Structures are given as structure tokens and as C-alpha cells.
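An overview of the molecular structure
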Amino acid sequence: MSSYNALHQSSLADPEEFWSRAAESVHWYKRWDRVLDDSDKPFYRWFSGGELNTCYNALDLHCDTGRGEQDALIYDSPMTGQVKKFTYFELRDEVATFAGALANRGVGKGDRVIVYMPMVPEALIAVLACARLGAVHSVVFGGFASNELAVRIDDATPKVIVAASCGLEPGRTIDYKPLLDEAINLARHKPSSTIILQREQSRASMVSGRDFDWQEVVAAATPHPCVPVLATDPLYILYTSGTTGEPKGVVRDNGGHVVALKWSMANIYDVQPGEVYWAASDVGWVVGHSYIIYAPLFAGSTTVLFEGKPVGTPDAGVFWRVIADHDVKCLFTAPTAFRAIRKEDPDGRLLKNYDLSGYRSLFLAGERLDPDTLKWAQEKLGVPVVDHWWQTETGWPICSNLLGVEVLPVKEGSPTKPAPGWDMQVLDDNGKPVGANEIGALVAKLPLPPGTFPTLWNARERHFDAYLKDYPGYYKTSDAGFIDEDGYVFVMSRTDDIINVAGHRLSTGAMEEVLADHPDVAECAVCGVADQLKGQLPVGFLVLNAGVERDPSVVVTEVVTMVRDRIGPVAAFKQAVVVKRLPKTRSGKVLRGTMQKIADGSQWKMPATIDDPVILDEIAEMLRTIGYARS
Ligand code: COA
Ligand code: AMP
């Protein structure tokens, strides 16, 4: 039997044995009572009764075992022209002191802290300081608007919010502080204080008695030791798009998280302690949590924090420059980043300016990897290119080629095979298994492995309804796909209203809620249509109220502004068309799938149940006016 098969089978045959062995490399103050606690099915917990500290495992452990002088973090910012390195000793000391500062502001075990920061070292320091105290961090991505931040403040009820005065996007400075002030204003829950990192590019005005300066609170603080927490205590909440405007607070616990992520570094990414690993994502996304912050540090590797874009900062060679400058062994990013680079430098000419001889592998995730991008990356880089599939909920890959175990042949369009602990199956609408190569719902047999989400914050019932109810005994991924005769998994599309825009997960339902609030809009729909660069882009369909005589293009401009203001620029909602009616089935269901196919210019069939077929021609015509619906 191949080593992949043997490993995977052993993980399913005896998960407790498999994961307790992996847990041996983790530092525990107290060993667990049970490896897998199934006393509350279908909710499972890992390593119950165990005590540890996540920050200790990320930093202090390496300081105490001879790695203190090694770089833990390299901050490389083409936005500011800065490169700054922190050894494990330095990072530990900065984190311990900031933990002291948070404690001085009243933060203790179990308290929530929202972190609203761009890609600066202080974002990692704040997150790790929370982990050190046993406090629960919740990072909010900078591209979200005040309203989204306010929703998260009300759900997480943080004691303190840590933010920066500004973020830097190519060509513009984004003042975070006014967005934060507005969010606190909108929220019902008020944090007792905020800590603001003043960046020189744009300093923030402070509210006396509520806002505290990062430098000042740090100067007044003393280092705080690591606080032991239960393996099952929450480490963080990360909000992700659900099928309504209300985001889901995905919870990660402490114990299973360290065990799974540490295991993944050597076995999935094949990166060893002391080597440099770079996830070019953002700390606001799950990839940033798991693979910018935690996993590389658990493993004793060096992590790269990159404040820039794949193109334009200053050019499409910046990824190669960072790899060469810092001797990066493994790069992880989204296919969109590679599509952007390829568009600017199709022949890969900029690659020749850099020495990439030490570079070993590329991992891509966050959206479907199209075969053209896969081939381009393989050909230009000459290293294994690994498509791997995962979700905010799962925290680490569901399926991947395990480079540290056995390199399996690549099949285009497939993230290869399930990682250990993942028993993947494809079920039909009635919950019955389908045959090889037949499309259905991709589900994972419970229990999920450690490191996945134990629950949603304050929403156990929603957790059950969204993930566990439809297929009893399984976790519903909400992705559709198939498994071929060799056991390769293919992920085709979401089964809900989630779309992936530049690797960012967005809810079209949330956008529809905003459009519906426009006084002239009677009905609306938002579909994700195919985009060559970003994978998908949202397009709105608006039906105006009877009697509205305003220029439709003005309404379109207004709804575009509304989505930007309420959800944020990251939604990339820039296009909408006004139509007479929305196509519906006779029972009144909006035919979003058909509209999407028309917009994509792909083959579509007239739905048998449509109430008014003529409307589809009108929709196609309107879409052509904005560049879509061309076959
Ligand atoms: N703070 C504030 N605004 C932000 C932001 C942040 N952290 N991140 C993005 N935005 C803004 C952008 O400035 C842009 O605004 P605009 O409409 O005024 O131009 C908007 O949100 C959309 O951003 P994005 O989707 O990133 O598009 P882009 O055109 O700026 O860049 C790429 C395109 C391909 C370069 C970029 O999407 C990219 O690097 N993608 C890689 C994917 C990735 O890292 N995914 C993470 C999951 S692994
Ligand atoms: P997120 O929670 O933001 O990580 O988004 C998760 C979703 O992104 C998944 O449910 C998939 O729809 C999609 N996704 C992530 N990785 C892949 C991949 N390798 N192939 C196809 N889709 C992917």
C-alpha cells in the first residue's frame, strides 16, 4: 500500500491513536483526559481536559529549545519600502509586553478582543498576545466597511478593539480609525477601550478616555506570562459569509488547532523547522490565521508577512523578489494572484531577474484552480504546484497532495485526495451515496479531525442547521463535486449563495439585502459571474418600483455605492442592470442559476418551470450592454 493510502486509512481506522501521536509534539501543561470526546454528538471535541497555551507553542517553546535567535517573522512591505525581521526572542518579548498592555486594559481569559488591522507586524503581535492571555481574538479584514465591523462588534462583544490608524492600498491610504469610530457608533455593544497603532502615513485623532496609543500602552506595560487554557477553550472567532447578511462566527479551539496545524506543516507543506514559509494572504482571512500566523510558528519555521499585492507593488516580479530575498521554500496564495501576475508578465520574463534555486513548492487555494493557471505556474516555476481545498470552517486542508508524505500524480481540476481524518463522500439529494464521477454534495463523515470548528459563536443551533442537519452523521461542506474512480476529489461549485471573488468569500444574499434597501428597488438578485482575473464577480439585477422615472443608471450608481459603504470595497460590486422582471419558476423561485449561465455566455436550457420565457432575452440584452452574455 502506498504511504498516502496507509496514512489516510490509519487516520480513519483509529483517529484517537493518529491524533494523539501528533499531539506528542505539542507542549501541554496537562495531558488530555480524552482524545476524542463524543459525549455530545453530533458535536465532537478534541483533547478534552488537556491544558496548554497556544502562544507558548508558537513562541516560547522555540525560545526554550534553542531557536530563540532564529527569525520568526519577516515583515516585507513594498507599500512602505520596509523590511523588518523579528527573532523568536524578539517576537516573544513584544508579544508578552503587548499581552501585559491588554491585561492593563482589563483583558483576561475568555474576553474577546477585535483586531482591525492591515498587514503590519503589530497585527500578529496583537493576535498572539490574546492567545497568551487566553483571550479570544477576532480579526476583521480591513476591506470591510463600518457596518460589517459593527455587526461583528455586536456579536463578539469585545472588551477591547485593537486597530491601526490606516491601511495602505496601491494609490490610496485607507483611514481605518474613522471606519472604527463609525462602527462603534453603529454598534449596540461598546468596547471599554481601543488601542490604536499610529502609522506615520496617516495619524488618527483619538477619543480621550476611550482610545489609547499603542506605543504608550506598551511603554507602560510589563511582560505577561502564558496563561494555561483548556484545549477546548476558544482561541478565536473568525467571521465568514453565511447565506444571509449575518456572518457566521467560526470558532477555533486551542488544542486541536495546534495539533493539526503543526502536523500539517511537515506533512502537507513539507516545510521543516528553520525554513521560510510564506502565505501571501491577509491576516483577516483563515489562510492568514492558519498559515501566516499560527502553523509556521508552531513548526519553528519563519513566516513572511507581506504588505503588498502580486502586481503593481511595484511590478509582477515582486513575488519572485520576496522568494529570492528571504529564501522562501514554500509559497501559498490564491489562484487569482497568479492570474494577475500572468496577465502582466505572460512569458514570466521577470522571473529571470531572481535566483529561485532554493524555492520548492507552490500551494494554491481559496477558489477553483483553472487548468491554464495551473499549467502556467508549473511551467514557469518548475516546482510542484498543489491545488488544495479548504474552508474557513475547516481551518486547514480537506484535500491536498501531501508533499511531506507521498507526492501523488496531479489531475487538473482536482485538489487531489482527502487529508488524514477526512472521510469524504458524495451524496445525492436524498443522502444516498452516488457512484464514481457522479456529481453530488461533498460531505465529510463525522467526526471532523482536530483543528476544524467545534461550533459557531453564540449559534449552536445555526451550526447544526447549516452543517449537520441535512445529512445526518456528516458535515455538509456546501460545495458540490465528485470523486473519481481513483479517489481524487473534484470541487465544482458552491451549493449555496456564496461566491468567490479574488479568493475572497462573499455572500450574494448579503448584497441582495443591501440592494433591496434602495427606495426605488422593488426586487433584486445578485449572481456571481465568471471573471478571467478574479474567478467570479457579483452582478446585480434590479427591478424598479412602478412609477420610478429616474435614469436607471443613476440607481445603479447608487446601489454600487451602497454595497461599498455597507459591505466594503472587498465585495467588488461594481455592475448591475435594471430589468423589467426577474425570471422565476411558477412557484416564485428566482432563477439565479439561469441568469448566471446567460451572463457567463455558457450553455443554458430554458427551465421547464419558468413563468415567462421572454424575460430571459431581455436580461441577455441588458447584460450585453455591460460586456456579459457573449458566447
Ligand atoms: N483594506 C481596504 N481595502 C481593501 C483591502 C484592505 N485590506 N483589500 C482590498 N481592498 C480593496 C481594494 O483596494 C479594492 O478597492 P477598489 O474597488 O477601490 O479598487 C477592492 O477592495 C477589491 O480588492 P481586490 O479584490 O483585492 O482587488 P484588487 O483589484 O485591488 O486586486 C488582486 C486584485 C488580484 C491583485 C488581488 O485580489 C489579490 O492579490 N488577490 C490575491 C488573493 C488573496 O490573497 N486571497 C486571500 C485568500 S488566500
Ligand atoms: P473560505 O471559507 O473563504 O476559505 O472559502 C471556502 C470556499 O472556497 C470553499 O467552500 C470552496 O467553495 C472554495 N475553495 C477553496 N479552495 C478551493 C479549491 N482548491 N478548489 C475549489 N474551490 C475551493
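The structure reproduced in this document is the subject of the present report. Quantities reported herein were computed from a predicted structural model and do not represent experimental measurements.

Rules used in this analysis
- Residues numbered from 1 in each chain as written.
- Chains lettered and ligands numbered in written order.
- Predicted model: local features only at pLDDT ≥ 70, side-chain atom pairs only at ≥ 80, totals over all residues.
- Heavy atoms only, no water.
- Axes fitted to C-alpha atoms, helices over the stretch in contact; angles between N-to-C directions.
- Helix = DSSP H or I, 4+ residues; strand = E, 2+ residues; numbered from the N terminus.
- Parallel < 35°, antiparallel > 145°, perpendicular 65-115°, else oblique.
- Left-handed = near helix turned anticlockwise from the far one by under 90°.
- Contact = heavy atoms within 4.5 Å.
- Nonpolar A, V, L, I, M, F, W, Y, C, P; charged D, E, K, R; others polar.
- Expected span 1.5 Å × (residues − 1).
- Buried < 20%, exposed > 50% of the residue type's maximum accessible area, 1.4 Å probe, protein only.
- Arc of directions from axis to C-beta.
- Polar contact = N/O pair within 3.5 Å; in protein donor to acceptor, adjacent residues only side chain to side chain.
- Near = heavy atom within 4 Å.
- Areas by Shrake-Rupley, 256 points an atom, 1.4 Å probe, with all protein chains shown as cover.
- Domains from an automatic or database assignment.

To continue, consider the packing of helix α4 (residues 88–104) against helix α5 (residues 121–133). Between α4 and α5, the least distance of the axes is 8 Å, while the angle of their chain directions is 70 degrees. As judged from the angle between their axes, α4 and α5 are roughly perpendicular. Crossing geometry of α4 relative to α5 is assigned as right-handed. Mapping the contact onto sequence places Leu 91, Arg 92, Glu 94, Val 95, Ala 96, Phe 98, Ala 99, Leu 102 and Ala 103 in α4 and Ile 125, Ala 126, Leu 128, Ala 129, Cys 130, Arg 132 and Leu 133 in α5. Of the residues in the contact of α4 with α5, the class split is 13 nonpolar, no polar and 3 charged.

The next subject is helix α16 (residues 552–566). Taking 1.5 Å of rise per residue, 15 residues should cover 21 Å, and α16 covers 21 Å from first to last C-alpha, within 8% of that figure. All of the buried residues in α16 are Val 555, Val 556, Val 559, Val 560, Met 562 and Val 563. Angularly, the buried residues of α16 cover 160 degrees about the axis, an arc narrow enough to put them on a single face. In α16, those exposed residues whose orientation departs by more than 90 degrees from the buried face are Thr 557 and Asp 565. Taken together, the buried residues of α16 touch α15 (508–516), β27 (521–531), β28 (535–544) and β29 (575–578). Of the residues flanking the start of α16, the one acting as N-cap is Asp 551, its side-chain oxygen 3.0 Å from the backbone nitrogen of Ser 553. Trailing α16 by a residue or two, Gly 568 shows a phi angle of about 130 degrees, which is positive.

Our focus in this paragraph is the site of ligand 1. Surveying the vicinity of ligand 1 reveals 25 residues, the closest of which are Glu 169, Arg 172, Lys 534, Arg 564 and Lys 574. With respect to ligand 1, the side chain of Lys 534 contributes an N or O atom lying 2.8 Å from an oxygen atom. With respect to ligand 1, the side chain of Arg 564 contributes an N or O atom lying 2.8 Å from an oxygen atom. In the complex, the protein chains occlude 83% of the 930 Å² of accessible area that ligand 1 would expose alone. For the shell around ligand 1, the secondary structure elements donating two or more residues are β10 (172–175) and α12 (335–344). The dominant element in the shell around ligand 1, judged by the number of residues it contributes, is α12, at 3 residues. Of the residues that constitute the shell around ligand 1, the class distribution is 13 nonpolar, 6 polar and 6 charged. Each of domain 1 (3–308 + 388–410) and domain 2 (502–624) accounts for three or more of the residues forming the shell around ligand 1.

What follows deals with the site of ligand 2. Taken together, 14 residues lie near ligand 2, and Asp 387, Thr 392, Asp 479, Arg 494 and Arg 505 sit nearest. Take Glu 367: an N or O atom from its main chain is 3.5 Å from a nitrogen atom of ligand 2. At a separation of 2.6 Å, an oxygen atom of ligand 2 approaches a polar side-chain atom of Thr 392. A breakdown of the residues in the shell around ligand 2 according to their chemical character gives 3 nonpolar, 5 polar and 6 charged.

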